[in-house]
There are 2 protein chains.
Amino acid sequence: MMKLVFLGTGGSYPSPKRNVLSIAVKYQSEVILFDCGEGTQRQLMRSSLSFMDVDKIFITHFHGDHFLGLPGLIQSMKLNDRDTPLYIYGPEGTCSVVKGLLELGYFNPSFEVKVQDIQPGALLKFKYFSIKSFRVDHNVPSLGYKFKENDRPGRFDKPKALSLGIPEGPLFGRLQRGGSVEIDGGIISPKDVLGPPRKGRTIVYSGDTRPCAEVAQAAENADFLIHEGTMDSTLSEKANEYGHTSVDQAANIAKKADVDRLFLVHISPRYEEVSELLKTAREEFPNTTIPRDLESFEL
Amino acid sequence: MMKLVFLGTGGSYPSPKRNVLSIAVKYQSEVILFDCGEGTQRQLMRSSLSFMDVDKIFITHFHGDHFLGLPGLIQSMKLNDRDTPLYIYGPEGTCSVVKGLLELGYFNPSFEVKVQDIQPGALLKFKYFSIKSFRVDHNVPSLGYKFKENDRPGRFDKPKALSLGIPEGPLFGRLQRGGSVEIDGGIISPKDVLGPPRKGRTIVYSGDTRPCAEVAQAAENADFLIHEGTMDSTLSEKANEYGHTSVDQAANIAKKADVDRLFLVHISPRYEEVSELLKTAREEFPNTTIPRDLESFEL
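Residues numbered from 1 in each chain as written. Chains lettered and ligands numbered in written order. Predicted model: local features only at pLDDT ≥ 70, side-chain atom pairs only at ≥ 80, totals over all residues. Heavy atoms only, no water.

As a further point, take the overall build of chain A. When you go through chain A residue by residue, the secondary structure sums to eleven helices and 16 strands. The C-alpha atoms of chain A give a radius of gyration of 21 Å, which matches the 19 Å a tight globule of 299 residues would have. Dimensions of chain A along its principal axes, counting C-alpha atoms only, are 70 × 50 × 35 Å. Put simply, 62% of the contacts in chain A that link residues at least 6 apart link residues at least 24 apart. Surface accessibility of chain A: about 12600 Å² in total, with carbon and sulfur atoms responsible for 48%. Taken together, the 36 basic and 39 acidic charged side chains of chain A have centroids lying 4 Å from each other. (Helix = DSSP H or I, 4+ residues; strand = E, 2+ residues; numbered from the N terminus. Rg over C-alpha atoms; globule rule 2.2 N^0.38 Å. Contact = heavy atoms within 4.5 Å. Areas by Shrake-Rupley, 256 points an atom, 1.4 Å probe, with all protein chains shown as cover. Lys, Arg positive; Asp, Glu negative; His and termini not counted. Charge placed at Lys NZ, Arg CZ, Asp CG, Glu CD.)

Working definition: the strands of a sheet are paired by backbone hydrogen bonds and lie parallel or antiparallel to each other. Residue and element names in this part refer to chain B. The sheet built from seven strands is open, its strands ordered β6-β5-β4-β3-β2-β1-β16 with mixed pairing. Looking along the sheet, the strands with just one partner apiece sit at the ends: β6 (113-117) and β16 (296-298). For this sheet, the mean inter-axis angle between neighbouring strands, taken without regard to orientation, is 15 degrees. Taken together, the five bridges between strand β2 (residues 22-27) and strand β3 (residues 30-34) define a ladder with antiparallel strand orientation. Bridge pairing links Lys-26 to Val-31 in β3. Running at roughly 170 degrees to strand β5 (residues 86-90), helix α3 (residues 70-79) makes contact with β3, β4 (54-58), β5 and β6 of the sheet. Sheet strands touched by helix α4 (residues 94-102): β5 and β6. Its angle to β6, the strand with the most contacts, is close to 150 degrees. (Pairing = 2+ DSSP bridges. Axes fitted to C-alpha atoms, helices over the stretch in contact; angles between N-to-C directions.)

So, about the nonpolar core. Soluble globular proteins: nonpolar side chains tend toward being buried together. In this structure, A:Leu33, A:Ile57, B:Leu33 and B:Ile57 are the most contacted members of the largest nonpolar core, which totals 62 residues. The residues touching B:Ile57, leaving out its near neighbours within four places in the chain, are B:Leu33, B:Cys36, B:Leu70, B:Leu73, B:Leu86, B:Tyr87, B:Ile88 and B:Tyr89. (Core = buried A, V, L, I, M, F, W, Y, C linked by side-chain atoms within 4.5 Å. Buried < 20%, exposed > 50% of the residue type's maximum accessible area, 1.4 Å probe, protein only.)

Next up on the list: the side chain of B:Asp65. Inspection of the secondary structure puts B:Asp65 in helix α2 (residues 64-67). For B:Asp65, which is buried and forms no salt bridge, the nearest opposite charge comes from A:Lys78, at a distance of 12 Å. Of note is the side chain of B:Asp65, whose polar atom sits 2.9 Å from the backbone nitrogen of B:Ser12. At 3.4 Å, the side chain of B:Asp65 forms a polar contact with the side chain of B:His66. (Salt bridge = Lys/Arg side-chain N within 4 Å of Asp/Glu carboxyl O. Polar contact = N/O pair within 3.5 Å; in protein donor to acceptor, adjacent residues only side chain to side chain.)

This paragraph deals with the pairing of strand β9 (residues 143-149) of chain A. Residues and elements named next belong to chain A. Among the seven residues that make up β9, five are buried, leaving the element largely enclosed by the rest of the structure. Here strand β8 (residues 129-135) pairs with β9 via seven bridges, running antiparallel. Looking across to β9, one finds that Phe-134 is bridged to Gly-144. Bridge analysis of β9 against strand β12 (residues 202-205) gives four bridges, and the strand direction is antiparallel.

Take the relation of the copies chain B and chain A next. Between chain B and chain A, the superposition needs a rotation of 180 degrees and an axial shift of 0.0 Å, giving an RMSD of 0.1 Å. In the structure described here, the two chain copies are related by an operation that fits a two-fold rotation axis. Among all residues of chain B, the one whose C-alpha sits closest to the rotation axis is B:Gly39, at a distance of 2.7 Å. In this assembly, 100% of the residues forming the interface of chain B have copies in chain A that are likewise at the interface, indicating an isologous arrangement. (Least-squares fit on C-alpha atoms with pLDDT ≥ 70 in both.)

This next bit is on the sheet that holds strand β1 (residues 2-8) of chain A. Residue and element names in this part refer to chain A. Across the sheet, which stays open at both edges, the seven strands sit in the order β6-β5-β4-β3-β2-β1-β16 with mixed pairing between neighbours. The open sheet terminates on both sides in strands that have one partner only, identified here as β6 (113-117) and β16 (296-298). Put simply, the sheet's adjacent strands are angled 15 degrees from each other on average, direction ignored. Contacts from helix α4 (residues 94-102) reach β5 (86-90) and β6, with the element oriented near 150 degrees to β6.

Per the domain assignment, the segments of chain A are domain 1 (2-152 + 199-298) and domain 2 (158-192). Averaged C-alpha coordinates put domain 1 of chain A and domain 2 of chain A at centres separated by 42 Å. (Domains from an automatic or database assignment.)

So, on to the confidence of the model for chain A. In the predicted model, chain A carries a mean pLDDT of 96, and 100% of its residues have values of at least 70. ipTM for the predicted complex: 0.91, alongside a pTM of 0.92. (pLDDT = per-residue confidence, 0-100.)

A word on the packing of aromatic side chains. Where two aromatic rings form a pair, the distance of their centres and the angle of their planes describe that pair. Residue and element names in this part refer to chain A. Scanning all chains against the criterion turns up 34 aromatic pairs over all chains. Joined through ring pairs, the aromatic side chains of Tyr-27, Phe-34, Phe-58, Tyr-89, Phe-126, Tyr-128, Phe-129, Tyr-145, Phe-147 and Tyr-205 make up one cluster. In this arrangement the basic side chain of Lys-56 is found over the ring face of Phe-126, its NZ or CZ atom lying 4.6 Å from the centre. (Phe/Tyr/Trp six-rings, centres within 6.5 Å; stacked < 30°, edge-to-face > 60°. Lys NZ or Arg CZ within 6 Å of the ring centre and 35° of its normal.)

Here we take up the interface of chain B and chain A. Each partner contributes residues to the interface: chain B has 39 residues there, and chain A has 39 residues. When the two sides are added together, the surface that chain B and chain A hide from each other amounts to roughly 2900 Å², 59% of it contributed by carbon and sulfur. Three residues, B:Glu38, B:Arg42 and B:Tyr106, lead the burial of chain B against chain A; their summed loss comes to 25% of the area buried on that side. The interface formed by chain B and chain A contains zero salt bridges. At the junction of chain B and chain A, the tally comes to 14 residue pairs in polar contact (both at pLDDT 80 or more). Counting only elements with at least two residues in the side of chain B that touches chain A, the list comes to α1 (40-46), α2, α3 and α4 of chain B. The residue inventory of the side of chain B that touches chain A, partitioned by class, reads 16 nonpolar, 16 polar and seven charged. (Buried area = accessible area lost by both parts, 1.4 Å probe. Nonpolar A, V, L, I, M, F, W, Y, C, P; charged D, E, K, R; others polar.)

Right, here's the structure in full:
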């Protein structure tokens, strides 16, 4: 099970409609956050996810709308008796900022907060997926992230397995996990009953950036690109000047990178209505969505 | 015009229904906040108030649910081109905590943030009101606050003024502001046309505390007491152990202090429904309200 939940989709500061940025990926029982703006814990409480299940947090950069939800989330985890470590990753300065956050007021976490500054290009491998960071073009040190699920074994062909004389039961599981089995003196190997390996799904998140080659490159053929689209197409120059991207520019990157689907986030609070933004973006790249806060997508 | 807006009324950590603490007093064009938990800026945006009008913030203590909304609020003020100073007051440690908050990530406020540690018993006098702090009984250095409007001149008796031969116009204003006027050689002084002076209205806020004499004393005959009521009456001991008050204990303080009206806040997230809490409190002190988030009261 893999699900994308847009906890906050607004840019720079919150509005009544959109909270500041945080995007959750639920992979099996684990929740991974990308950015954690102020109020993210409450958005989690309003979503189908539990804030206690958050295991890893990837911060793109240290502008307030991307990280000020960290201390409150950590404190609420403590008040709810968390005892497992929390992992926080981000660009240079992450260790120092998180240290500062943990020393604010009267607070000591009851669990380990493991923090790591990562370099652009770093590849972090986990059990079921990896995360690769890449440098983006904002006004302060900023990273984008590529989430890549490990390739999965092919689909199990049950009729074929039965026709080969394998009884339904634990031997099915062994084959699915890559082991061979012996039936009537003959060896049946996984390739006999599994389809071709399935490519792991990829999600690329730009963070805040001007249009830049690094995002396009990381997103090449990705399943999902989550790109910032702070302003409308008439304000591209202004957006770029402030280190941001307009919705049409983001859609153009999605088109060039030939992704399957584009989600636009970091919508400026100046836009209460987004139908015009969406229309412009879809002219460039039809499979574009501007998610609402708390909207979720099974992948 | 004087209005009380409950921006966040929950205790310890937010819930979908209640955000963490912040209470706004709007006095004429000025907004004063008492506490500023995470998400307060967004609650302001959802209210009838403007976050840009906040002029003074009084923090009761440095547990996260009372102050973690400060950096986001200050950053949004900058992004909206604030240029007037913001005043922040709180118990010992306030200067140091706010300094830490302003150094988080990449941020420089565009306006002055004037911060002051205040002692219990300090009296701060402003143009139309004063704020007196008092020590309360929590687990870390904590203050309660008494807001006292200056006494106001009596009501202007217009028929009497006309009968004394004063023409409607600027002379009315002069008398209302305390000046005398000369009519046909006779002197008319304010006392001739004004009723008895009106006592300024008082609001007392407990912050987080066990039941304590200091709150009862500060609240004596107050118009409005805003007291924490973290738990129900069956959990008084537990509430007190953690430095808090149960709703019945808070109502008892309101009764002893003979206040006009009691508002209970810092409701634990364990209570989704508050009708039972309210019932218990009203048995002790009938004029009790448990405000919802964003509920406001003209005073």
